[in-house]
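Below are the chains, spelled out letter by letter.
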Amino acid sequence: MRDERTRSGETGDGLPSWDTALVVVAHPDDESFGLGAILSTLVARGTAVDVLCLTRGEASTLHGVDGDLSEIRSHELRAAADALGARDVNLRSLPDGGLAGVAEEVLDGEVDRAVAASGADGIVTLDSTGISGHPDHIAATAAAVRVADRHDLGVLAWTVPEELCATLADEGHVGFVGRPVAEIDLTLRVDRTAQRAAVDCHPSQAVPGSVLWRRLELQGDTEHLVWLRRP
């Protein structure tokens, strides 16, 4: 994989040449439905990927499997991370739906410890828009950027084009926030095989008719990323 890397520290398609990436997400399934194809691409390029998930997803309104969502989603996350080729998973128990109300020093402390434990060269997360506008997504990403500032790390974020959000809105899926093409830094061709296997590990959330499925269908083999903090 090293021979694909340029002098600028990136692979030929613009992905960073990190030895280790820390993934910071709010909920189990963010790493799969959102970031899955990006993470499996990094793994295929030789990057060790560690996942920090700040909540157990217990407040989800989707309940495709009977039982305690806190426990169910914990097992789903670990299985999905394995499917994506992640090296490690660190699942925390901050309040699902309440990250925006958690003190910054608490959120930052979780990310800081994960950065130290993983020896991360950079962070991968969701766009600062939260994609769906979810306050938990926004809070998790903000913490990732604050910690990256202190450690001088790059933060690469999954985003979606505005046109995609407009299509979803026309179909009745409102609330998604994208970026204009001019603000998108990387357009990545992906293989979704590992991502779809990871999504299958989340039966409590991968319910028929979910907008998450529609997003994958609309984007085909393409993902988009922005630098929230350049290396």
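Up top is the structure these notes are about.
Quick caveat: nothing in here was measured; it's all calculated off a predicted structure. (Residues numbered from 1 in each chain as written. Predicted model: local features only at pLDDT ≥ 70, side-chain atom pairs only at ≥ 80, totals over all residues. Heavy atoms only, no water.)

## Looking at the side chain of Ser 118
Residue placement: Ser 118 occurs in helix 4 (residues 104-118). When its relative accessible area of 9% is taken as the criterion, Ser 118 is described as buried. From its side chain, Ser 118 meets the backbone oxygen of Val 115 in a polar contact 3.3 Å long. Here Ser 118 is in contact with Thr 20, Leu 22, Asp 50 and Arg 87, once residues within four sequence places are set aside. (Helix = DSSP H or I, 4+ residues; strand = E, 2+ residues; numbered from the N terminus. Buried < 20%, exposed > 50% of the residue type's maximum accessible area, 1.4 Å probe, protein only. Polar contact = N/O pair within 3.5 Å; in protein donor to acceptor, adjacent residues only side chain to side chain. Contact = heavy atoms within 4.5 Å.)

## Focus: the packing of aromatic side chains
Taken as a whole, this structure holds two aromatic pairs when the rule is applied. Geometrically, the ring pair formed by Trp 18 and Trp 227 is edge-to-face, given 5.9 Å between the ring centres and 80 degrees between the ring planes. Residue Trp 18 is found in the segment before strand 1 (20-25), and its partner Trp 227 is found in strand 7 (residues 222-229); the two are separated by 209 residues along the sequence. Grouping residues by exposure puts Trp 18 and Trp 227 together as buried. (Phe/Tyr/Trp six-rings, centres within 6.5 Å; stacked < 30°, edge-to-face > 60°.)

## Observations concerning the nonpolar core
In this structure, Val 23, Leu 35, Leu 39 and Val 124 are the most contacted members of the largest nonpolar core, which totals 36 residues. Each residue touching Val 124, except ones within four places of it in the same chain, is listed here: Trp 18, Ala 21, Leu 22, Val 23, Val 24, Leu 35, Leu 39, Leu 42 and Leu 156. Within the second largest apolar cluster, 22 residues are counted, among which are Leu 99, Ala 140, Ala 148 and Leu 153. (Core = buried A, V, L, I, M, F, W, Y, C linked by side-chain atoms within 4.5 Å.)

## A look at the layout of surface pockets
The method is simple in principle: a probe with the dimensions of a water molecule rolls over the atoms, and the space it marks as empty is what remains. The calculated volume of the largest pocket comes to roughly 640 Å³. Lining the largest pocket are 25 residues; nearest its centre among them are Asp 29, Ser 132, His 134, His 137 and Leu 212. Looking at the lining of the largest pocket, the elements that each hand over two or more residues are helix 1 (30-34) and helix 8 (211-219). The class makeup of the residues in the lining of the largest pocket is 10 nonpolar, 10 polar and five charged. (1 Å grid on protein atoms, 1.4 Å probe; cavity = no way out; pocket = protein on both sides within 12 Å on 5 of 7 lines; lining within 4 Å. Points joined across faces, edges and corners; volume = space filled by probe spheres on them. Nonpolar A, V, L, I, M, F, W, Y, C, P; charged D, E, K, R; others polar.)

## Some remarks on the packing of helix 7 (residues 193-200) against helix 8
Where helix 7 contacts helix 8, the two axes come as close as 13 Å, and the packing angle between them is 175 degrees. It follows that helix 7 is roughly antiparallel to helix 8 by the angle criterion. Judged by residue contacts, Gln 195, Arg 196, Val 199 and Asp 200 of helix 7 engage Trp 213, Arg 215 and Leu 216 from helix 8. Considering only residue class, the contact of helix 7 with helix 8 consists of three nonpolar, one polar and three charged. (Axes fitted to C-alpha atoms, helices over the stretch in contact; angles between N-to-C directions. Parallel < 35°, antiparallel > 145°, perpendicular 65-115°, else oblique.)

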